[in-house]
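# Analysis of the macromolecular model
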Amino acid sequence: MNDLGSNPAAAHPEQPQFLTPWMLPGLRCGFGGRLGGVSAGPFASFNLAGWIGDDPSAVAENWRRWQMMYPTMAAVRSNQVHGARVRKITRADAASVEDADGMVTAVAGLALCVYTADCVPILMVDPERRLVGALHAGWRGTLRNIAAAGVAAMVRLGARRETLRVALGPAIGRCCFEVDHELVDDFARAFPASARHSRAGKPGKAYLDLRAINCAQLSAEGIARQNLMQVGPCTRCANAQFFSRRAVPGGTSGLQMSFIGFVDED
Ligand SMILES: [Zn+2]
């Protein structure tokens, strides 16, 4: 499932590494980790988020490394606010940063980027129509069903549910995601199927499987089981390779970046 073998950078540990869910003609995509950059302290080392207190020169060097790997791609981002808004990105607004937790586009040459530390990064592609999407699904976004909003935005753009492929990247797992039991109850009310994706914890607490709940939401939207995949480990368990806010005292952490887009072949 983890397609590191296809990534030429994997042979050079000093290079950033991306878990690649699909190898499709013209498609560039991957779930990022924390290795291969120059940032220090809680941002070590491949932090691409320039708005969380990291040294701007280190972030710039990390971006230079990403751009070396994907020289023809222009990175697009949104200001993630734990909502369920999904922006349609046109060539004209690719440089703007608006509040949203999802993006979809039909424009080649753009890399839609989402940033996570324990939340679920979700990448989507319709290979035939060359449409892509990227979502950020923390527990708030999952409770608001951003997965369904993402599928709807892809369909509005022309994607077919039957051929839409969706991958969920490294995120905090049911092993580690301890929440108040009230939150489990909120999920059970909103999505009865989510009850299967929690387990009991200490009194008043429980553990949630965010990726499994997002998968259930995607299945409910008509995404075929064979077109759904989970890639990579629990971020907290694998904190050496992935940023995890829950793994560090105080919660200060860099963010890994995951992206998707088609190259512009014209
Ligand atoms: Zn874990």
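Before reading on, note that the structure itself is shown above.
A few words now on the overall build of the chain. Check the secondary structure of the chain and you find 5 helices and 14 strands. Since a compact globule built from 266 residues should have a radius of gyration of about 18 Å, the 17 Å found for the chain is in line with a globular shape. Each of the 266 residues in the chain was classed as buried or not, and the buried ones make up 54%. Carbon and sulfur atoms make up 53% of the accessible area of the chain, which amounts to about 11,100 Å² in all. In the chain, which carries 28 positive and 23 negative side-chain charges, the distance between the mean positions of the two groups comes to 3 Å.

Along helix α5 (residues 210-220), 8 of the 11 residues are buried, which leaves the element largely enclosed by surrounding structure. Those residues of α5 lying buried are Leu210, Arg211, Ala212, Ile213, Asn214, Cys215, Gln217 and Leu218. Capping the start of α5, Asp209 holds a side-chain oxygen 3.4 Å from the backbone nitrogen of Arg211, two or three residues further along. Of the residues one or two after α5, Gly222 is the one with positive phi, at around 95°.

Turning to the pattern of salt bridges, a few remarks are in order. Considering all chains together, one arrives at 12 salt bridges under this definition. Arg87 is the partner of Glu98 in a salt bridge, and the nearest nitrogen-oxygen pair spans 3.7 Å. Pair noted here: Glu98 is in the loop between β4 (86-89) and β5 (102-105) and Arg87 is in strand β4, with a separation of 11 residues, a long-range link. Using a relative accessible area of 29% as the deciding quantity, one classes Glu98 as partly exposed. Accessibility expressed as a relative area gives 2% for Arg87, which makes it buried.

Once that is clear, we can look at helix α3 (residues 146-157). Compared with the 16 Å implied by 1.5 Å per residue over 12 residues, the 16 Å span of α3 between its first and last C-alpha is a close match. Inspection of α3 places Ile146, Ala147, Ala148, Gly150, Val151, Ala153, Met154 and Leu157 among the buried residues, and these make up the whole buried set. One or two steps after α3, the chain reaches Gly158, where phi turns positive at roughly 120°.

Time to look at the sheet that holds strand β6 (residues 110-116). Strand-to-strand pairing in sheets goes through backbone hydrogen bonds, with the strands running parallel or antiparallel. With respect to topology, 5 strands assemble into an open sheet ordered β1-β2-β14-β6-β3, the strand pairing being mixed. Only two strands of the sheet have a single partner each, and these edge strands are β1 (18-19) and β3 (74-76). Pairing of β6 with strand β14 (residues 256-262), which is carried by 5 bridges, proceeds in the antiparallel orientation. Looking at the pairing, Thr116 lines up with Gln256 of β14.

Here the focus is the side chain of Ser198. When you line up the elements, Ser198 lands in strand β11 (residues 198-200). Ser198 gets classed as buried once you look at its relative accessible area, which sits at 18%. Polar contacts involving the side chain of Ser198 include one to the main-chain carbonyl oxygen of Ala195, which spans 3.5 Å. Discounting chain neighbours no more than four positions away, the residues touching Ser198 are Arg174, Val184, Tyr207 and Leu208.

Before going further, it helps to examine the pairing of strand β12 (residues 205-208). Note: strand β10 (residues 178-180) against β12, 3 bridges, orientation antiparallel. Each residue of the ladder has a partner; that of Glu178, found in β12, is Tyr207. By the bridge criterion, 3 bridges tie β11 to β12 in an arrangement that is antiparallel. Across the sheet, the residue bridging to Arg199 is Tyr207, located in β12. The hairpin turn running from β11 into β12, its antiparallel successor, is 4 residues long, and Gly204 in that turn takes a positive phi close to 80°.

Attention now moves to the nonpolar core. Among the nonpolar cores identified, the biggest contains 36 residues, and Ile122, Met124, Leu164, Val166, Leu208 and Leu218 are the most heavily contacted of them. Of all the secondary-structure elements, those providing two or more residues to this core are β7 (120-126), β8 (131-137), α3, β9 (165-168), α4 (181-190), β12 and α5. The element best represented in this core is α3, accounting for 6 residues. Residues Val114, Val125, Ala134 and Ala238 belong to the second largest nonpolar core, which totals 25 residues.

Time to look at the environment of Leu19. As for its placement among the helices and strands, Leu19 is situated in strand β1. Leu19 sits in the buried class, given a relative accessible area of 7%.

Here the focus is unusual backbone geometry. Of note, the amide linkage connecting Ala44 to Ser45 takes the cis form, showing an omega dihedral of -5°. Locating Ser45 in the fold gives a position in the loop between β2 (27-32) and α1 (56-69). With a phi close to 60°, His82 is a non-glycine residue in the positive phi region. Here His82 lies in the loop between β3 and β4. Looking at His82, the relative accessible area reads 27%, which means it is partly exposed.

Conventions used here
- Numbering of residues starts from 1 in each chain and follows the order in which that chain's sequence is written.
- pLDDT decides what is reported in this predicted model: residues at 70 or higher carry local features, side-chain atom pairs at 80 or more are listed and counted, and totals for whole chains, interfaces and linings draw on all residues regardless.
- Side-chain metrics rest on all non-hydrogen atoms present in the structure, leaving aside hydrogens and water.
- By definition, any uninterrupted DSSP run of H or I lasting at least four residues is a helix, any uninterrupted run of E lasting at least two residues is a strand, and each is numbered from the N terminus.
- It is over C-alpha atoms that the radius of gyration is taken, and the globule rule equals 2.2 Å times the number of residues to the power 0.38.
- Each residue is placed in one exposure class: buried if its accessible area under a 1.4 Å probe, protein chains only, is under 20% of its type's maximum, exposed if it is over 50%, and partly exposed if it falls in between.
- Note that accessible areas follow from Shrake-Rupley with a 1.4 Å probe, and for residues the cover is restricted to the protein chains shown.
- Counted as positive: Lys and Arg. Counted as negative: Asp and Glu, with His and the chain ends omitted from the count.
- Charge positions come from single atoms, namely NZ of Lys, CZ of Arg, CG of Asp or CD of Glu.
- The term polar contact refers here to a pair of N or O atoms within 3.5 Å; inside protein, the definition further demands a hydrogen-donor-capable atom paired with an acceptor-capable atom, and it admits residues adjacent in sequence only when both atoms are side-chain atoms.
- Think of a salt bridge as a Lys or Arg side-chain nitrogen and an Asp or Glu carboxyl oxygen that are within 4 Å of each other.
- The length a helix should cover is 1.5 Å for every residue beyond the first.
- When DSSP finds two or more bridges between a pair of strands, those strands are recorded as paired.
- Residue contacts are counted whenever heavy atoms from the two residues lie within 4.5 Å of one another.
- By nonpolar core is meant a set of buried Ala, Val, Leu, Ile, Met, Phe, Trp, Tyr and Cys residues that side-chain atoms within 4.5 Å join together.

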